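Secondary and tertiary structure notes
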Amino acid sequence: MPDTPAATPRARVRVPLRFHDGYSLDAELVTFHGLTDGQEHVAVVLGRPAPGTVPLVRLHSECLTGDVFGSARCDCGPQLREAVERIADRGGVLLYLRQEGRGIGLYNKLDAYALQDQGLDTYEANAALGLPEDARDYTSAGQMLRALGIDELDLLSNNPDKADQLRGLGLAVRDRVPTGVFTTAHNVRYLRAKVLQTQHTLPLAQLTELSVG
């Protein structure tokens, strides 16, 4: 387990959240001192776990195109909306991490989109730009969880790497809970690539049928 310095909460503020479909709730947003990567990540505390239960946690990487503009090229926006409600129902935390484009940044992500339009998948496009397929490091996420008093959790994610990295940081990931499957005509190839390249837990047979159809 790496010797990671502790982070501390910087500020806590209550924020009423309102989504386009009418769903609303109040959340507590927490900022931090001492995050190793120096980024302005935010914890969104939602609900309260029942006594004796572990919190449900999602590590959600920032996606301007999906989260804000509703892009159909990915499933990020629907995953964010789903995660907020599921976590609020059970109690837990959504970590909103400033890792646009799996850590390569917004401009590079849009450059990768242009290569995807020429036939490359999302990972091949990153490689063609000389960038990592996935540059995300979750050390700061581990710091944030510990600063909130969380050392055991269920992780809401289809991505096994997130669970592996948190366990490598000494956190007890009891279970990895899959998200919903949010397909569009524009993101099926992207979702298939996540299954084939990085073993995301998504129904490959269903995605294959949709992409062929």
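In this report, the structure presented in the accompanying data block is examined.

The rules we used
- Residues numbered from 1 in each chain as written.
- Predicted model: local features only at pLDDT ≥ 70, side-chain atom pairs only at ≥ 80, totals over all residues.
- Heavy atoms only, no water.
- Helix = DSSP H or I, 4+ residues; strand = E, 2+ residues; numbered from the N terminus.
- Buried < 20%, exposed > 50% of the residue type's maximum accessible area, 1.4 Å probe, protein only.
- Contact = heavy atoms within 4.5 Å.
- Phe/Tyr/Trp six-rings, centres within 6.5 Å; stacked < 30°, edge-to-face > 60°.
- Lys NZ or Arg CZ within 6 Å of the ring centre and 35° of its normal.
- Pairing = 2+ DSSP bridges.
- Axes fitted to C-alpha atoms, helices over the stretch in contact; angles between N-to-C directions.
- Right-handed = clockwise from strand over helix to strand, strands pointing away.
- Arc of directions from axis to C-beta.

1. Some remarks on the environment of Gly34
Residue placement: Gly34 occurs in the loop between β2 (24-33) and β3 (42-46). Judged by its relative accessible area of 47%, Gly34 is partly exposed. Taking the C-alpha atoms as reference points, Gly34 and Gln143, 109 residues apart in sequence, are found 8.6 Å from one another. Look past the residues within four positions of Gly34 in its chain and what remains in contact with it is Ala6, Ala7 and Gln143.

2. Examining helix α6 (residues 139-147)
Among the nine residues of α6, eight are classified as buried, and the element is accordingly described as predominantly covered. Where α6 is concerned, the buried positions are Thr139, Ser140, Ala141, Gly142, Gln143, Met144, Leu145 and Ala147.

3. Let's talk about the packing of aromatic side chains
For the coordinates displayed, the defined rule picks out one aromatic pair. The ring of Tyr113 carries Arg73 above its face, with NZ or CZ at 4.2 Å from the centroid. Its guanidinium or amino end placed over the ring of Tyr123, Arg102 lies 4.4 Å from that ring's centre, counting from NZ or CZ.

4. Focus: the sheet that holds β2
Strand order in the open sheet made by the seven strands is β1-β2-β3-β5-β4-β6-β7, with mixed pairing throughout. On the outer flanks of this sheet lie β1 (8-18) and β7 (172-177), each paired with one strand and no other. The mean inter-strand angle of the sheet, taken between neighbouring strand axes irrespective of direction, is 30 degrees. Pairing analysis gives five bridges linking β3 to strand β5 (residues 92-97), with the strands arranged antiparallel. By the bridge assignment for β5, Val44 is matched with Leu94. Strands β2, β3, β4 (56-61), β5, β6 (152-156) and β7 of the sheet are contacted by helix α2 (residues 76-90), whose axis makes an angle of about 160 degrees with β4.

5. Some details on the pairing of β7
Across five bridges, the pairing between β6 and β7 is parallel. Paired with Leu156 across the two strands is Val177, which belongs to β7. Of the crossover connections in this fold, the one passing from β6 over helix α7 (residues 160-168) to the parallel β7 is right-handed.

6. Looking at the environment of Ser71
As for its position among the elements, Ser71 is in the loop between α1 (64-68) and α2. Judged by its relative accessible area of 18%, Ser71 falls in the buried class. Taking the C-alpha atoms as reference, Ser71 lies 9.1 Å from His186; in sequence the two are 115 residues apart.

7. Things to note about helix α4 (residues 106-116)
Burial in α4 covers these residues: Lys109, Ala112, Tyr113, Leu115 and Gln116. The buried side chains of α4 occupy one side of the element, clustering within an arc of 160 degrees when seen end-on.

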